[in-house]
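Descriptive structure summary
Here are the chains, one letter per residue:
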Amino acid sequence: MAELAGAVGDGQLGDRTPCPDYAVRDLLAHVSGLTVAFCAAAKKEFGPLTDTAPGTVPNPELAADWRTALPRQLADLIAAWHSPAAWEGETRAGGFTLPAVVAGRIALNELVVHGWDLARATGQRYAPDPASLGVSYALLGQPDSPTRAPAFGPAVGVARDAPFVDRVIGLSGRSPDWKP
C-alpha cells in the first residue's frame, strides 16, 4: 500500500476509483483513517477511533502531509499487529466488539482490497502476496458474515480459473474488469 500510495501523482488525486463514493484522494484518506483505527484496535486503545461505526461521519479530508504520514501509519499498523497480544481476546473496531483475530484479518483485507482499488484507479501493477489474498478470500467468502456488510456489495461472479486476485476482488463486490 505504501508503494502504491507513493506512486500517486498529484494530478491523480481527483480520479475515480472502483469505490463509487471515493476519488483517489478520498480513498487515500479512508486508508489513512483505517490504519490509525486498526492500530488502536491492535493495541486495545478504545475510544473514538475504535468506537465509530463506518459511514457515520463524513469522508475525511486527505491530510496535507499524507505522503509522509500514510507510510508511517502503515508501519505503525504493521508493528501493532506483530505483537502477539494484538491477536488475543477481544477488541473493538468500527463500533463493534469482536475477536481480535477477526479484527486483524479485517485490517489486512482492507489493505488488500483498497490496494487493488488504488492500483486500478492509478494504473499501477498490483500483485499482493498469496497468503494475504487467502485471508481476504476466506473472510469475504462467508456470505452471511457480519464482516461483509455494509462495506462490501454483493459478490461479482468471476470464473473459477480466474487469477486469485480477481476472485478475491469479485468477492468484495467489485468487478475485476473495472477501469477508470
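Residues numbered from 1 in each chain as written. Predicted model: local features only at pLDDT ≥ 70, side-chain atom pairs only at ≥ 80, totals over all residues. Heavy atoms only, no water.

What follows is about helix H6 (residues 130-140). Restricting attention to buried positions, one finds in H6 the residues Ser-132, Leu-133, Ser-136, Leu-139 and Leu-140. Along the axis of H6, the buried positions cluster into a sector of 130 degrees, meaning they face one direction only. Residues of H6 that are exposed and angled more than 90 degrees away from the buried face: Pro-130 and Ala-131. By the N-cap criterion, in which a side-chain oxygen at the helix start approaches the backbone nitrogen of a residue two or three places on, H6 is capped by Asp-129, the distance to Ala-131 being 3.2 Å. (Buried < 20%, exposed > 50% of the residue type's maximum accessible area, 1.4 Å probe, protein only. Helix = DSSP H or I, 4+ residues; strand = E, 2+ residues; numbered from the N terminus. Arc of directions from axis to C-beta. Polar contact = N/O pair within 3.5 Å; in protein donor to acceptor, adjacent residues only side chain to side chain.)

Moving on, we come to the packing of helix H5 (residues 100-122) against H6. Packing of H5 against H6 leaves a shortest axis separation of 9 Å and a crossing angle of 110 degrees. Relative to H6, the element H5 lies roughly perpendicular. Here H5 contributes Arg-105, Ile-106, Leu-108, Asn-109, Val-112 and Val-113 to the contact with H6, which in turn contributes Ser-132, Leu-133, Val-135, Ser-136, Leu-139 and Leu-140. Looking at the contact of H5 with H6 residue by residue, the classes come out as 8 nonpolar, 3 polar and 1 charged. (Axes fitted to C-alpha atoms, helices over the stretch in contact; angles between N-to-C directions. Parallel < 35°, antiparallel > 145°, perpendicular 65-115°, else oblique. Contact = heavy atoms within 4.5 Å. Nonpolar A, V, L, I, M, F, W, Y, C, P; charged D, E, K, R; others polar.)

This part takes up the pairing of strand E1 (residues 90-93). Remember that side chains alternate between the two faces of the sheet whenever the strand is regular. Burial along E1 is one-sided: Thr-91 and Ala-93 are buried, while Glu-90 and Arg-92, pointing the other way, are not. Where E1 and strand E2 (residues 96-99) come together, 4 bridges link them in antiparallel fashion. Following the sheet pairing, Glu-90 is matched in E2 by Pro-99. Here E1 folds back onto E2, and the loop between the two strands holds 2 residues, one of which, Gly-94, carries a positive phi near 60 degrees. (Pairing = 2+ DSSP bridges.)

Attention shifts here to the packing of H6 against helix H7 (residues 164-171). Any two packed helices are characterised by the angle at which their axes cross and by the distance between the axes. Two elements in contact, H6 and H7, have axes separated by 9 Å at closest approach and are oriented at 30 degrees. One finds that H6 runs roughly parallel with respect to H7. The interaxial crossing formed by H6 with H7 has left-handed handedness. Between H6, through Pro-130, Leu-133, Gly-134, Ser-136, Tyr-137 and Leu-140, and H7, the contact on the second element is made entirely by Phe-164, Val-165, Arg-167, Val-168 and Leu-171. (Left-handed = near helix turned anticlockwise from the far one by under 90°.)

Let us now look at the side chain of Gln-73. Inspection of the secondary structure puts Gln-73 in helix H4 (residues 66-82). When sequence neighbours within four positions are dropped, the list of residues in contact with Gln-73 reads Ser-32, Thr-35 and Val-36.

Let us now look at the nonpolar core. Judged by nonpolar contacts, the single largest core of 32 residues is most densely connected at Val-8, Val-24, Leu-28, Phe-38, Trp-81 and Leu-118. Among the elements of the structure, helix H1 (2-6), helix H2 (24-43), H4 and H5 are those that each provide at least two residues to this core. Sorting elements by how many residues they give to this core places H2 first, with 9 residues. If we ignore the near neighbours within four places in the chain, the residues touching Leu-28 are Ala-5, Val-8, Leu-13, Leu-62, Trp-66, Leu-70 and Leu-118. (Core = buried A, V, L, I, M, F, W, Y, C linked by side-chain atoms within 4.5 Å.)

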